[in-house]
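These are the residues of each chain, in order.
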Amino acid sequence: MGKVIAIANQKGGVGKTTTTINLAASLAALEFQTLIVDADPQANSTSGLGYNPKEIENSIYECMVEGVRPQDAIIQTDFPNLDLLPSHIDLVGAEIEMINLQNREDKMKTTLDAIRDEYDFIIIDCSPSLGLITINSLTAADSVIIPVQCEYFALEGLGKLLNTIKIIQSRLNTHLAIEGILLTMYDLRVRLSNQVVGEVTSHFQQMVFSTIIPRNIRLSESPSFGVPALAQDADSKGAVSYLNLAREILIKNGLMPQEA
């Protein structure tokens, strides 16, 4: 069965969508069948891969709320080994519509369980909140990656997210693990970036990925072209960093030898 990884942080602007698209593209480039699940009503993963959310017929919303088969919503992207389960603005209303449903926290899990055997990795782009859709995503996931930007308020809200993860581990998903904390938007020239790296690493130690994602123009502009940074400029620092992150995750999960 494929491994489901949620990319979560209720703080906005930390690089969740950038990480989702570029990590998934890197795993796909390394020949692992990969699915992106866009679980954010802003649908940035959907538009970042070149699709107009307004033109999406079936999305994760229809799968979770109306029981549409995920196979009928998944889009095969132009990139080998990379598929997309898209989102659109209707997902905003899903939390209200699901509130009275039985087993409302399991709707994402039920959707993904139907297709887990078809993928090596399923990467969920969570919304910047700790609402019902994010709880669904964490309930469905095997592990969670927490992007933390190398800026002044880096640790703000991180304790609240970790507490939410503990609650989900105790009540909804006992197998949920923290895949790692990912430092993003790193700028070598800024002293604060180095201070944040030191602070997060000393506080969380082994939970922090060795790979650090730099500020990079290709990562910033590739969504406007509807492609991952890897497809726009495979030699850019951003693309190389996400490939290194993919390799680090594969090694950690025993899917790639250490010396690779």
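For clarity, every value in this text was computed on a predicted model and none was experimentally measured. Every chain begins its residue count from 1, and numbering advances along the sequence as written. This being a predicted model, a pLDDT of at least 70 is required before a residue's local features are given, and a value of 80 or more before pairs of side-chain atoms are given or counted; all residues contribute to the totals for chains, interfaces and linings. Side-chain numbers come from the whole structure's heavy atoms, not from hydrogens or water.

(A) Quick look at the overall build of the chain. In this text, helices come from DSSP runs of H or I with a minimum length of four residues, and strands from runs of E with a minimum of two, each type numbered from the N-terminal end. Helix and strand content of the chain: 11 helices and seven strands. We compute the radius of gyration from the C-alpha atoms alone; for a globule the expected value is 2.2 Å times N to the 0.38, where N is the number of residues. Scaling as 2.2 N^0.38, a compact globule of 260 residues should have a C-alpha radius of gyration of about 18 Å, and the chain matches this with 17 Å. Burial here depends on accessible area, computed with a 1.4 Å probe over protein chains only, as a share of the maximum for the residue type. Under 20% is buried, over 50% is exposed, and the range in between is partly exposed. With 260 residues in all, the chain has 54% of them scored as buried. In what follows, residue pairs with any heavy atoms lying within 4.5 Å of each other are defined as contacts. For the chain, restricting intrachain contacts to residue pairs at least 6 apart in sequence, the fraction spanning at least 24 positions comes to 78%.

(B) Just the packing of aromatic side chains, in detail. By convention, a stacked pair of Phe, Tyr or Trp rings (six-membered ring in the case of Trp) has centres within 6.5 Å and planes under 30 degrees apart, an edge-to-face pair has planes over 60 apart, and any other such pair is tilted. As enumerated under the stated definition, the model contains two aromatic pairs in all. Note on Phe32 and Phe121: the rings are 5.9 Å apart at their centroids and 70° apart in plane angle, and the pair reads as edge-to-face. One end of the pair, Phe32, is in the loop between α1 (16–29) and β2 (34–39); the other, Phe121, is in strand β5 (residues 121–126), and 89 residues separate them in sequence. With a relative accessible area of 1%, Phe121 lands in the buried category.

(C) Geometry of the packing of α1 against helix α11 (residues 237–252). Direction vectors running N to C along α1 and α11 enclose 70°, while the axes themselves pass 8 Å from each other. The angle between α1 and α11 falls in the class roughly perpendicular. The hand of the α1/α11 crossing is right-handed. Each of Thr18, Thr19, Asn22, Leu23, Ser26 and Leu27 in α1 lies in contact with α11, whose residues at this interface are Tyr242, Leu243, Leu245, Ala246, Ile249 and Leu250. For the contact of α1 with α11, the per-class residue count stands at eight nonpolar, four polar and no charged. Here an angle of 0 to 180 degrees is reported between the N-to-C directions of two axes, which are lines fitted to C-alpha atoms, with helices fitted over the stretch in contact. Put simply, angles under 35 degrees are roughly parallel, angles over 145 are roughly antiparallel, angles from 65 to 115 are roughly perpendicular, and the rest are oblique. Two helices crossing with the near one rotated counterclockwise from the far one by less than a right angle form a left-handed crossing, whereas a clockwise rotation gives a right-handed crossing. Three classes are used, and their members are as follows: Ala, Val, Leu, Ile, Met, Phe, Trp, Tyr, Cys and Pro are nonpolar, Asp, Glu, Lys and Arg are charged, and the others, Gly among them, are polar.

(D) Seen up close, the environment of Val190. By the element assignment, Val190 lies in the loop between β7 (177–184) and α8 (191–204). Separated by 128 residues in sequence, Val190 and Glu62 place their C-alpha atoms 44 Å apart.

(E) Structural detail: the nonpolar core. Take the buried Ala, Val, Leu, Ile, Met, Phe, Trp, Tyr and Cys residues and link them wherever side-chain atoms come within 4.5 Å; each set so joined is a nonpolar core. Of all hydrophobic cores here, the largest spans 47 residues; its most connected members are Val37, Leu85, Leu112 and Ile146. Ranked by residue count, the leading element in this core is helix α7 (residues 158–171), at five residues. Ignoring sequence-local partners within four residues, the contact set of Ile146 consists of Ala8, Asn9, Leu158, Leu161, Leu162, Ile165, Ile178, Gly180, Ile181 and Leu182. Counting residues in hydrophobic clusters, the runner-up holds 34 residues, among them Ile5, Ala229, Leu243 and Leu245.

(F) Seen up close, the sheet that holds β7. Reading across from one edge, β3-β4-β2-β5-β1-β6-β7 is the order of the seven strands in this open sheet, with mixed pairing throughout. A single partner strand is all that each edge strand has here, and the edge strands are β3 (75–76) and β7. Think of it this way: DSSP has to see at least two bridges between two strands before they count as a pair.

(G) Inspection of the packing of helix α4 (residues 91–98) against helix α6 (residues 132–140) at higher detail. Closest axis-to-axis distance for the α4/α6 pair is 9 Å, and the angle between their directions is 85°. As far as their axial angle goes, α6 and α4 are roughly perpendicular. Where α4 abuts α6, its residues Leu91, Ala94, Glu95 and Met98 lie against Leu132, Ile133 and Asn136. Looking at the contact of α4 with α6, its residues break down into five nonpolar, one polar and one charged.

(H) Summary view of unusual backbone geometry. Phi at Asn81 is positive, roughly 70°, even though this residue is not glycine. Structurally, Asn81 is set in the loop between β3 and β4 (82–85). Despite not being glycine, Met185 shows a phi value in the positive range, around 55°.

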